[in-house]
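Architecture and fold: a report
Listed below, chain by chain, are the residues.
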Amino acid sequence: MATRWAVATGNWNTTDTWSATSGGSAGASVPATGDHARIEGSYTVTLPADTTCGSVRLNASGTLAGAGHTLILDGSDEGQTFDHDGIISGTLNVSVIGGSGKTFDGNNNGTINNLTINNSGQTLTLGNAALTLGGTLTITAGALSTGSDKALTVAGDVSVTGT
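It should be emphasised that the depicted structure is a prediction, and the values quoted were computed from it without experimental measurement.

**Topic: the pairing of strand β16 (residues 137-145)**
In terms of strand pairing, strand β14 (residues 112-126) meets β16 through 7 bridges, oriented parallel. Across the sheet, the residue bridging to Leu 115 is Leu 137, located in β16.

This is the structure:
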């Protein structure tokens, strides 16, 4: 499991986008299953296909462009599975499939389209902000906790088929 930092605007699946250190040189492997991706600076990282990684931290000036694809988060060993302080552009779907005791943070600068939780026996907790979904919320395994003070807005359907 590695941490990768975006150091250039580009596609997720190219090594020219990623570094092994914050502000370092490009050329590191792309974030994959179990890895932690950090999009900082004013860089835009575009998903050219459905992509799996451990967690994503989108800093204030960073942009994640969904391009109609799904970001699959296996939640490995990181407290925040998704930390969204930056910008989401295009259609981004998110699927949480792993980890325990994880938080999902958002600032509503751009909207996640569909959110799927498929993480048996675990609860995904909204962090410090409300969450707006432009599409659907699907929970096939696990749970979503909004706490007593977090708003959840879902424009589409809500489906809970598992526990």
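**Comments concerning the sheet that holds strand β8 (residues 63-65)**
What the 4 strands build is an open sheet, ordered β2-β5-β8-β11; its pairing is parallel. Only two strands of the sheet have a single partner each, and these edge strands are β2 (10-11) and β11 (87-89). Pairing between strand β5 (residues 44-46) and β8: 3 bridges, direction parallel. Residue pairing in the sheet places Val 45 in a bridge with Leu 64 of β8.

**Let's talk about the environment of Ala 2**
Along the chain, Ala 2 falls in the segment before β1 (3-6). Ala 2 gets classed as partly exposed once you look at its relative accessible area, which sits at 22%. Those residues in contact with Ala 2 that sit more than four places away from it in its chain are Asp 35 and His 36.

**Considering the pairing of strand β7 (residues 55-58)**
By the bridge criterion, 4 bridges tie strand β4 (residues 36-39) to β7 in an arrangement that is parallel. Across the sheet, the residue bridging to His 36 is Ser 55, located in β7. Where β7 meets strand β10 (residues 80-84), 3 bridges bridge the pair, whose relative direction is parallel. Paired with Leu 58 across the two strands is His 84, which belongs to β10.

**Details of the packing of aromatic side chains**
One pass over the structure, following the stated rule, counts 2 aromatic pairs. Here the aromatic rings of Phe 82 and Phe 104 are separated by 5.0 Å at their centres, their planes lie at 20°, and the arrangement is stacked. Taken together, the residues span a long stretch of sequence, with Phe 82 in strand β10 and Phe 104 in strand β13 (residues 102-105) at a distance of 22 residues. Classification of Phe 82 as buried rests on a relative accessible area of 0%. The buried category is assigned to Phe 104, whose relative accessible area is 1%.

How each quantity is defined
- Residues numbered from 1 in each chain as written.
- Predicted model: local features only at pLDDT ≥ 70, side-chain atom pairs only at ≥ 80, totals over all residues.
- Heavy atoms only, no water.
- Pairing = 2+ DSSP bridges.
- Helix = DSSP H or I, 4+ residues; strand = E, 2+ residues; numbered from the N terminus.
- Buried < 20%, exposed > 50% of the residue type's maximum accessible area, 1.4 Å probe, protein only.
- Contact = heavy atoms within 4.5 Å.
- Phe/Tyr/Trp six-rings, centres within 6.5 Å; stacked < 30°, edge-to-face > 60°.

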